[in-house]
Amino acid sequence: MKASRLVVSAAVTGSLLLAGCGNVRGGGSGLRDSPGDERTIRAFDINPQPRENVKDGGTLRWGINEFPTQWNRNQVDGNLAMAAVISNALLPAPFVSNEKAEISIDRDYVLSAEVSDQRPKQVVTYTLNPKAKWSDGKPITWADYEAQWRALNGRDPAFRIASSTGYQDIEKVARGKDDFEVVVTFGKPFGDWQALFGPLLPAATNRSAQAFNNAWVNKIPVTAGPFKFGGFDQTAKTITLVRDDAWWGNRAKLDKIIYRASEQDSLIGAFGNGELDIIDVGPSAPGYARARSTVGAQVRQAAGPDFRHFTFNGASELLKDRNVRQAVQLGINRQAIAQSDLQGLDWPIALLNNHFFMNTQEGYQDNAGALGAYNPERAKQLLDAAGWKLNGTVRQKHGKPLDLRFVVPSGVQISKAEGELAQSMLAQIGVKLTIKAVPSDDFFSKYVIPGNFDITPFAYIGTPFPVSSSYAIYANAEDGKSWNANFGRTGSAEVDQAMSRAAQSLDPVRARAATNAADALIWKEVNVLPLYQRPQNVAVRETLANVGARGFFDLQYEDIGFTG
């Protein structure tokens with residue numbers, strides 16, 4: 001379980017609630033897309049099989065479209081869906097989610113976890129599984145939880161964290177009756193407490209900023225899961241995991257998982273040629289069709305808390321004026337982009353008009369209003385008023401053209417196509433859009449995270465926790481510098497206050513109302529422009545069990561394997 005949304009350029013089977021005391025809010029399974037439509041959107045599609053039906057042994061060849069360098073997923077550079085797909089097989093988390101976004105403890109790591117007090121302060125007590133150990137032989141204890149809280153609470157800016165959500169509300173983490181009891185006291189109520197401490201990293205990683213930021217760069221130094229780290233091959237772009245025989249839970253069915261990184265178009269070809277067993281096709285109609293036509297393969301499809309969007313960089317010189325960002329947003333026809341992206345995918349074409357809730361989630365409300373509409377005439381008026389005047393076909397101000405960089409990862413055709421559509425649309429309002437393709441391995445680390453773009457498209461992969469998973473994306477930087485996971489680099493105290501009200505509320509109705517209040521404010525800021533709820537399309541060998549389009553479901557890597 002992870003408290004923050006993960007980022008992905010185009011395709012990935014990765015994971016990123018307002019939940020109090022085990023009562024999940026805002027989750028939910030798939031729904032029919034419209035009255036009279038007989039297609040059912042599945043909550044998950046993984047070919048679930050009991051362990052006795054899965055063969056012992058074998059190697060799973062898993063295609064991924066990025067080769068991560070930072071493996072500390074709590075560090076801002078490591079908050080990537082590709083890193084999660086791999087490290088979820090290696091690292092502890094106290095809780096797991098089923099396909100309905102119902103949360104339960106993972107007894108391999110935690111024997112019980114409950115709110116033991118609410119007054120005068122919220123207290124959560126965890127009883128840890130004493131069998132759980134790190135791969136270096138050290139037991140997992142309260143000290144690991146305490147160190148993670150200190151690293152992620154946001155009080156020391158030297159720790160380059162992805163998100164402090166929830167951790168910033170904790171007053172203390174203490175040892176209970178022994179090393180395997182953790183007592184967490186909150187200074188302010190936090191409804192999504194089950195989103196915390198996953199993935200858990202060892203205390204040695206979290207005790208210094210140097211270790212936190214650097215000890216997991218091109219290294220996975222310690223694990224605690226059904227698999228352990230086998231090695232990197234930087235030339236072949238592979239990451240190998242092997243069964244960990246010291247694992248105290250159910251023995252992993254597979255001997256080995258080999259992840260192979262390549263550009264998205266190459267992954268489709270490799271799968272079609274029988275070189276890979278599983279890839280995320282993403283919202284690519286040609287890839288979807290090719291995968292479906294592959295002999296002995298199938299595409300598994302499900303709904304999930306994932307959405308495609310454009311991020312606007314409010315710190316860039318050309319987009320720092322909110323009125324200009326609003327104008328550009330109004331000049332983009334989202335419906336045309338959604339139709340282009342989703343055509344041929346057997347998926348309902350519906351715009352997403354909320355930054356927190358998906359169309360298929362309880363709590364969803366259209367808060368876009370006029371700012372979500374395609375209105376090029378209003379866009380022109382806003383640009384005129386902001387001082388950007390037409391000079392030929394492109395607007396200028398103080399002699400500088402309104403020429404925006406649209407940064408995309410190379411080899412991802414859907415991103416290129418989105419850029420070309422937006423380029424044509426924005427030309428009609430006098431805005432030039434220059435598409436810049438960059439190496440896919442550098443897309444996040446060298447462009448998105450440091451803010452080296454004006455507009456960029458990718459997808460957010462969510463969790464069952466709509467507010468806490470998204471909080472860091474929209475959180476304001478009081479110093480104007482520490483944006484962490486807010487790649488749009490815009491925010492406000494009002495947005496923060498609304499999100500905090502939602503996160504602190506243990507009442508689901510009030511929490512949803514506060515979430516939607518925050519969403520309405522974010523539409524005005526123009527940080528993230530949602531496009532649509534992204535289908536999870538995962539191509540697999542038909543004999544592959546317990547993996548695929550997972551929706552909210554947390555994969556049990558020890559159960560993945562082949563049936564024939």
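Conventions adopted
Residues numbered from 1 in each chain as written. Predicted model: local features only at pLDDT ≥ 70, side-chain atom pairs only at ≥ 80, totals over all residues. Heavy atoms only, no water. Helix = DSSP H or I, 4+ residues; strand = E, 2+ residues; numbered from the N terminus. Rg over C-alpha atoms; globule rule 2.2 N^0.38 Å. Buried < 20%, exposed > 50% of the residue type's maximum accessible area, 1.4 Å probe, protein only. Areas by Shrake-Rupley, 256 points an atom, 1.4 Å probe, with all protein chains shown as cover. Lys, Arg positive; Asp, Glu negative; His and termini not counted. Charge placed at Lys NZ, Arg CZ, Asp CG, Glu CD. pLDDT = per-residue confidence, 0-100. Contact = heavy atoms within 4.5 Å. Pairing = 2+ DSSP bridges. Salt bridge = Lys/Arg side-chain N within 4 Å of Asp/Glu carboxyl O. Core = buried A, V, L, I, M, F, W, Y, C linked by side-chain atoms within 4.5 Å. Axes fitted to C-alpha atoms, helices over the stretch in contact; angles between N-to-C directions. Parallel < 35°, antiparallel > 145°, perpendicular 65-115°, else oblique. Left-handed = near helix turned anticlockwise from the far one by under 90°. Nonpolar A, V, L, I, M, F, W, Y, C, P; charged D, E, K, R; others polar. Expected span 1.5 Å × (residues − 1). Arc of directions from axis to C-beta.

Another aspect to go through is the overall build of the protein. On a plain count of helices and strands, the protein comes out with 14 helices and 26 strands. A globule of 564 residues ought to have a C-alpha radius of gyration of about 24 Å, and the protein, at 23 Å, matches this closely. Projecting the C-alpha coordinates of the protein onto the three principal axes gives extents of approximately 70 × 60 × 50 Å. With 564 residues in all, the protein has 61% of them scored as buried. Of the accessible surface of the protein, which amounts to about 20,200 Å², a share of 47% is contributed by carbon and sulfur atoms. Across the protein, the centroid of the 61 positively charged side chains sits 3 Å from that of the 59 negatively charged ones.

In this section: the confidence of the model for the protein. Where the model shows low pLDDT, its predicted coordinates should not be examined in detail. Residues at a pLDDT of 70 or more form 93% of the protein, whose mean pLDDT is 91. Scored below 50 in pLDDT, residues 10-39 makes 129 contacts in the model with residues more than four places away or belonging to other chains.

Across the six residues of strand 24 (residues 536-541), six count as buried, placing the element largely inside the fold. Burial along strand 24 is two-sided: Gln 536, Val 538 and Val 540 facing one way and Asn 537, Ala 539 and Arg 541 facing the other are all buried. When strand 14 (residues 278-280) meets strand 24, the two strands line up antiparallel, connected through three bridges. Residue pairing for strand 24: Ile 278 is matched across the bridge by Val 540.

According to the stated counting rule, one finds 28 salt bridges in the structure shown. Here Glu 377 ties to Lys 380 by a salt bridge, and the two come within 3.3 Å at their closest N and O atoms. One end of the pair, Glu 377, and the other, Lys 380, are both in helix 9 (residues 376-385), three residues apart, so they sit about a helical turn from each other. Assessed through its relative accessible area of 46%, Glu 377 is described here as partly exposed. By relative accessible area, Lys 380 is classed as partly exposed at 26%. By sharing partners, the salt bridges in this structure join Arg 61, Asp 277 and Arg 541 into a single network.

The next subject is the nonpolar core. Judged by nonpolar contacts, the single largest core of 103 residues is most densely connected at Trp 62, Tyr 126, Phe 197 and Tyr 259. Element by element, the count of residues in this core is highest for helix 13 (residues 493-504), at five residues. Residues within four places of Tyr 126 in sequence aside, it is in contact with Pro 94, Phe 95, Ser 112, Ala 113, Phe 180, Glu 181, Val 182, Val 184, Trp 193 and Phe 197. If you look at the next biggest cluster of nonpolar residues, it comprises 52 residues, including Ala 291, Ile 332, Ala 368 and Val 431.

Let us look at the packing of helix 12 (residues 466-474) against helix 13. To characterise two packed helices, one gives the angle between the axes of the helices and the distance between these axes. The contact between helix 12 and helix 13 brings their axes to 10 Å, and the two run at 165°. Here helix 12 is positioned roughly antiparallel relative to helix 13, judged by the angle of their axes. The two elements helix 12 and helix 13 meet at a crossing, and its hand is left-handed. When helix 12 is examined against helix 13, the residues Val 467, Tyr 471 and Tyr 474 are found in contact with a partner set consisting of Val 495, Asp 496, Met 499, Ser 500, Ala 502 and Ala 503. Across the contact of helix 12 with helix 13, the residue classes break down as seven nonpolar, one polar and one charged.

The next thing to look at is helix 10 (residues 413-427). Three or four residues apart is the spacing at which side chains of an α-helix point the same way, because the helix has 3.6 residues per turn. For helix 10, which comprises 15 residues, the first-to-last C-alpha distance of 21 Å matches the rise-based estimate of 21 Å (1.5 Å per residue) to within 8%. Turning to helix 10, its buried residues number three or more, namely Ile 414, Ser 415, Glu 418, Gly 419, Ala 422, Met 425 and Leu 426. Viewed end-on, helix 10 has its buried residues packed into an arc of 135°, placing them on one side of the element.

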